[in-house]
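Inside the fold
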Amino acid sequence: AAAGGGGTEEKQGTMFITQRAPGGGKVQKTVKLPKIDSAKGVEAVTQSSQSTELLLANKQMAEVQGQLEHKKIEFNERMAKCKEREDHLAHKQSKLTQEAAKFQLFLKENDAKRARALKRAQEEANLRKTKEKEAEGLREEMGETMSKLEQSKVNLEAGMVYQTYLERVAEFSEDFMEIGDIVKRYETLVATNSDLQVKVQRNNEETERLRLELAQLTKKLQNEVLVQSSVIAEHQERLEKAKIEANAEELVKEQREDAAKSRIRETGEARMAILNLYNRCRLTHLSESRPKQEAKDVMLALRYIDERMRDLQTIVSAAEAAGVILDYKVREAVVDRQFVSKAPQGQAAPPQGASAAKAKAKPRQKAGGGGESADLTGLLNPGAQAPLE
């Protein structure tokens, strides 16, 4: 086999060159060439060309390798310069960061000092204002105290009249021995009056509260009556709608039941028809391969009917091709006319083909298909049975 996916074959003095598919597949094309006496020359030329290509490839690889090494050296030099610049910038950045941190600390200390000074000045100003307000309040309080003192003196001079009056009452009264008894009695009456006023106020408040509660309860009951009336009306409306919907659902249910009954009846009729047709096919099937039992599965019966109809259709086609069906129909018509003419008057004639069925039910065995033809005729025409012998 030669390089490049090709090969040479030598048979009986003739050389063939075959082209193989990539990956060692099947032979795609074969070209017949005249046989070369010296195949060694071809191999030498091929090996020389391969060596030349290998030297060229090695040379190109060496050039590429040299360029790659040069690029690597340049890349390393550039990376070294970049590393130096990066270190220099990092050193500058660290210095700037330290100086910025020191400057920020200096600014924070100045701001803190300034804030403390402003706070202290504000506190002293507030304290001065507070003291001034306290002094003003004390001056006003002193003025009020002096005015109260003057008023107390005036009240004392005015109250001396009552003192003189109470002394004379205690002197001439038998119930009170001293002025203190009169004062105590007065205080007791005042306290009793205060208690009675408090009780009256409480009773009035309780009465007002009860009146408000009664009004609220009355209003609440009225609202509840209105709400319950609306709820009752809504429930009545829903009840009417539910009755209408129930009647509609009942009607739909009856319709569905009728439709279901109709479908069930149609299914039963179809099943009975299929089973009846299956039994007729089974009874008319004279071969030993017919089923021995009645089918309970409709699909099995349908498959058997389909196979039986195909067999009968094949038999009918073969009989029509042989001319047997036409001869049978003519003979059957003659027999039926004879049977009708011999029937007594007043008696209904049996269906066509009944006389032939009563005469003989034995299947025909002519030409290897007579019995099957009779079975086909009985299946396709229930009134017609096997023809007369």
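Residues numbered from 1 in each chain as written. Predicted model: local features only at pLDDT ≥ 70, side-chain atom pairs only at ≥ 80, totals over all residues. Heavy atoms only, no water.

1. Points about the overall build of the protein
Along the protein, the regular secondary structure elements total six helices and three strands. When the helices and strands of the protein are listed from N to C terminus, the series reads β-β-β-α-α-α-α-α-α. When burial is assessed residue by residue, the protein has 13% of its 389 residues classed as buried. (Helix = DSSP H or I, 4+ residues; strand = E, 2+ residues; numbered from the N terminus. Buried < 20%, exposed > 50% of the residue type's maximum accessible area, 1.4 Å probe, protein only.)

2. Concerning the packing of helix α2 (residues 179–284) against helix α3 (residues 298–322)
At a closest axis distance of 9 Å, the pairing of α2 and α3 adopts a crossing angle of 45°. Taken as axis vectors, α2 and α3 run oblique relative to one another. As α2 packs across α3, the resulting crossing turns out to be left-handed. Taking contact as the criterion, the partners of R271, I274, L275, L277, Y278, C281, R282 and T284 in α2 are, on α3, V298, A301, L302, Y304, I305 and R308. (Axes fitted to C-alpha atoms, helices over the stretch in contact; angles between N-to-C directions. Parallel < 35°, antiparallel > 145°, perpendicular 65-115°, else oblique. Left-handed = near helix turned anticlockwise from the far one by under 90°. Contact = heavy atoms within 4.5 Å.)

3. Observations regarding a nonpolar patch on the surface
Nonpolar side chains collect at one region of the surface, where F103, F106 and L107 lie side by side and expose about 280 Å² of accessible area between them. Mapped onto the fold, F106 is located in helix α1 (residues 39–172). Classification of F106 as partly exposed rests on a relative accessible area of 45%. (Patch = residues over 30% accessible without salt bridge, like charges linked within 9 Å, V, L, I, M, F, W, Y side chains within 5 Å. Areas by Shrake-Rupley, 256 points an atom, 1.4 Å probe, with all protein chains shown as cover. Salt bridge = Lys/Arg side-chain N within 4 Å of Asp/Glu carboxyl O.)

4. Brief notes about the confidence of the model for the protein
Mean pLDDT for the protein: 75, with 69% of residues reaching 70 or above. Mean pLDDT values for the elements of the protein range from 39 in helix α5 (residues 354–359) up to 90 in α2. Counted against residues more than four places away or in other chains, residues 1–42, with its pLDDT under 50, gives 44 contacts. Below pLDDT 50 for its whole length, residues 343–389 participates in 64 contacts with residues either more than four positions away or in separate chains. (pLDDT = per-residue confidence, 0-100.)

5. Details of the pattern of salt bridges
The full count for this structure, using the stated rule, is nine salt bridges. The partner of R211 in a salt bridge is E208, and the shortest N-O contact between them spans 2.1 Å. Residue R211 and its partner E208 are located together in helix α2, separated by three residues, close to a single helical turn. Among the ionic pairs, R209 bridges to E213, the shortest N-O distance being 2.5 Å. Of this pair, R209 and E213 both sit in helix α2, four residues apart, which is roughly one turn of that helix. You can call R209 partly exposed: its relative accessible area is 36%. Connected via shared salt-bridge partners are E206, R209 and E213.

6. Some words on a negative patch on the surface
A surface patch of like charges, here negative, comprises E250, E254, E257 and D258. Note that E250 resides in helix α2. The exposure class of E250 is partly exposed, given its relative accessible area of 41%. (Lys, Arg positive; Asp, Glu negative; His and termini not counted. Charge placed at Lys NZ, Arg CZ, Asp CG, Glu CD.)

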